[in-house]
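Topology and contacts: notes
Letter by letter, the chains look like this.
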Amino acid sequence: MGNNFKMVAKTLFGFEELLSKELRNLGASNVVEGTRNVSFEGDTGFMYKANLCLRTAIKIIKPIHSFRVRDENDLYKKIYAMDWTEHLSVSETFAIDATVNSEQFTHSLYVSQKTKDAIVDKFRETDGTRPDVDVKDPDLRINIHIHNNECNVSLDSSGYSLHKRGYRTATNIAPINEVLASGLLLLSGWDGQSDFLDPMCGSGTMLTEAAMIACNIPANINRKGFAFEKWTDFDADLFEKIIDSSLKKTREFHYKIIGYDKAPSAVRKAQDNIENANLEDYITVERKDFFKTEKESQGTLHMCFNPPYGERLDIEMENFYSAIGDTLKQGYPGTNAWFITSNLPALKYVGLRPSRKIKVFNSHLESRLVKYEMYEGSKKAKYQKNTEE
């Protein structure tokens, strides 16, 4: 298609495959996985749809120019030579985000400054006046990426990170990032075809993301806005159509999504956030201590949670992790239990062998998403049954 252009979706380490699958399902073409990013092609409507619907993307940027660059002066000249009036007027504001991975360019702030100077000087030269910089809420956010001698100039179509979905106003000490929660759920194979439990639900992020996946609700439907809405070529009618068609693709959910937390404050926060996301019909939050519970539902239960860890709460690690294992063993037959931890030595205290371990990062902490399959009856009986069939 002639009006397709290249875009890049940024993501977290380990989510590249999930994101490329999401992009293909949405209808992107030429999908190519990178490290913490996936490039793809689509038209303007697809750019709107990607921002609205992608669960594992942090940002969608639109490359507009790339060139080889020798030093700061070369960078200044080449940025100055671009026609910025296509994207920006003197009455609008802009901001620069720079990332550098290069021997020649070692300071991203300096690269931002040089880029800003070139754009401002160009407008001064042609218009006699200049657009202002607004780092918090600019009309145009420009992304500069320098790798060795290659400079890519892109427009940021998202604005602030796409993990800020807009439903979470109440949080705990260290809540899980919404993109991370969604990615963990997708890695765990959650598809909305069984009951779901988060036994340590905190402010309810995992529950909310689980309900949005189960009902196929666009991830960012509750968000306050996107950067592309301020672009000079923004098509409001097209965006409305994209929203309407995405909402028509939602589906019914016939199971239960339940959250436990033993802190009354966490239960209240989770309920507030779930209400903000308009999902209270699908999710129940109860004040319960997981270690004193057992499985209440029939059929397979899908469990996914983010246990508190040492950096966040002062807990007795060995007892805590062994209590997780004991509770799963004694109270949760027929359960696929997944959880994330950055405390890798603590996993040995669970006393169960994980059937899967996936390397992920929780902000800067290297972590593992682990799966424990709790069979109905004993594993041996299940094995015998399978071999007899």
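The structure displayed is predicted, hence computed values, not measured ones. (Residues numbered from 1 in each chain as written. Predicted model: local features only at pLDDT ≥ 70, side-chain atom pairs only at ≥ 80, totals over all residues. Heavy atoms only, no water.)

1. Some details on the overall build of the protein chain
The criterion, for reference: Only DSSP runs of H or I with at least four residues qualify as helices, and only runs of E with at least two residues qualify as strands; both kinds are numbered from the N terminus onward. For every residue, the accessible area (1.4 Å probe, protein chains only) is compared with the maximum for its type, and the residue is labelled buried under 20%, exposed over 50%, or partly exposed between those bounds. Should any heavy atoms of two residues lie within 4.5 Å, those residues are considered in contact. The Shrake-Rupley method, run with a 1.4 Å probe sphere, supplies the accessible areas, and residue values consider only the shown protein chains as cover.
Secondary structure summary: the protein chain contains 10 helices and 15 strands in total. Counting only C-alpha atoms, the protein chain reaches 80 × 45 × 45 Å along its principal axes. In the protein chain, which comprises 389 residues, the share counted as buried stands at 50%. A fraction of 75% describes how many contacts in the protein chain between residues 6 or more apart in sequence connect residues 24 or more apart. Accessible surface, the protein chain as shown: approximately 18,900 Å² in total, 46% of it carbon and sulfur.

2. Section: the UniProt feature "domain: THUMP" (unreviewed entry) in the protein chain
To be explicit about the condition: UniProt positions are given in the numbering used here, feature names are shortened, and annotations may be inferred rather than shown by experiment.
The sites that carry the UniProt feature "domain: THUMP" (unreviewed entry) are, in the present numbering, residues 46–157. End-to-end, the C-alpha atoms of residues 46–157 are 12 Å apart, and along that stretch the chain is 34% helix and 32% strand.

3. Let's talk about the environment of Glu103
As for its placement among the helices and strands, Glu103 is situated in the loop between strand 5 (93–101) and helix 4 (108–127). On the accessibility criterion, Glu103 (77% relative accessible area) is exposed. Taking the C-alpha atoms as reference, Glu103 lies 6.6 Å from Asn148; in sequence the two are 45 residues apart.

4. Digging into the state of the cysteines
Should the sulfur atoms of two cysteines be covalently bonded, the bond is a disulfide. What counts is decided by this rule: Cysteine sulfur atoms are paired as a disulfide whenever they fall within 2.5 Å.
Counted according to the given criterion, the structure contains 0 disulfides. With no disulfide partner, Cys201 has as its closest neighbouring cysteine sulfur the one in Cys304, 13 Å distant.

5. Observations regarding unusual backbone geometry
Its identity is not glycine, yet Asn30 carries a phi of approximately 50°, on the positive side. As for its placement among the helices and strands, Asn30 is situated in strand 2 (residues 29–33). Non-glycine residue Asn216 carries a positive phi angle of around 55°. Counting through the fold element by element, Asn216 comes out in the loop between helix 6 (205–214) and helix 7 (236–248). When its relative accessible area of 27% is taken as the criterion, Asn216 is described as partly exposed.

6. Focus: the environment of Lys329
Mapped onto the elements of the fold, Lys329 is located in helix 9 (residues 317–331). Accessibility expressed as a relative area gives 44% for Lys329, which makes it partly exposed. A sequence separation of 151 residues divides Lys329 from Glu178, and the C-alpha atoms of the two residues are 29 Å apart. Leaving out residues up to four positions away in the same chain, Lys329 has contacts with Gly351, Leu352 and Met374.

7. Things to note about a negative patch on the surface
Rule in force here: Exposure above 30% relative accessible area and the absence of a salt bridge qualify a residue for a patch, where like charges join within 9 Å and nonpolar side chains (Val, Leu, Ile, Met, Phe, Trp, Tyr) within 5 Å. The rule for a salt bridge is simple: a side-chain nitrogen of Lys or Arg has to be within 4 Å of a carboxyl oxygen of Asp or Glu. All tallies of charge rest on Lys and Arg as positive and Asp and Glu as negative; His and the ends of each chain are not included. For this purpose, a charge sits on NZ of Lys, CZ of Arg, CG of Asp or CD of Glu.
A surface patch of like charges, here negative, comprises Asp233, Asp235, Asp237, Glu240 and Asp244. Inspection of the secondary structure assignment puts Asp233 in the loop between helix 6 and helix 7.

8. Thoughts on the side chain of Ser20
One can find Ser20 in helix 1 (residues 16–26). For Ser20, a relative accessible area of 1% translates into the label buried. Excluding anything up to four places from it in sequence, Ser20 contacts Val31, Glu33 and Val38.

9. Looking at the environment of Gly377
Mapped onto the elements, Gly377 comes out in the loop between strand 15 (365–374) and helix 10 (379–388). Gly377 sits 44 residues away from Pro333 along the chain, and the two C-alpha atoms are 7.0 Å apart.

10. Remarks on the confidence of the model for the protein chain
To be explicit about the condition: Scored between 0 and 100, pLDDT is the confidence that the predictor attaches to each residue.
Per-residue confidence for the protein chain gives a mean pLDDT of 93; residues scoring 70 or more make up 93%. The low-confidence segment residues 380–389 (pLDDT under 50) makes 1 contact with residues lying over four places distant or belonging to another chain.

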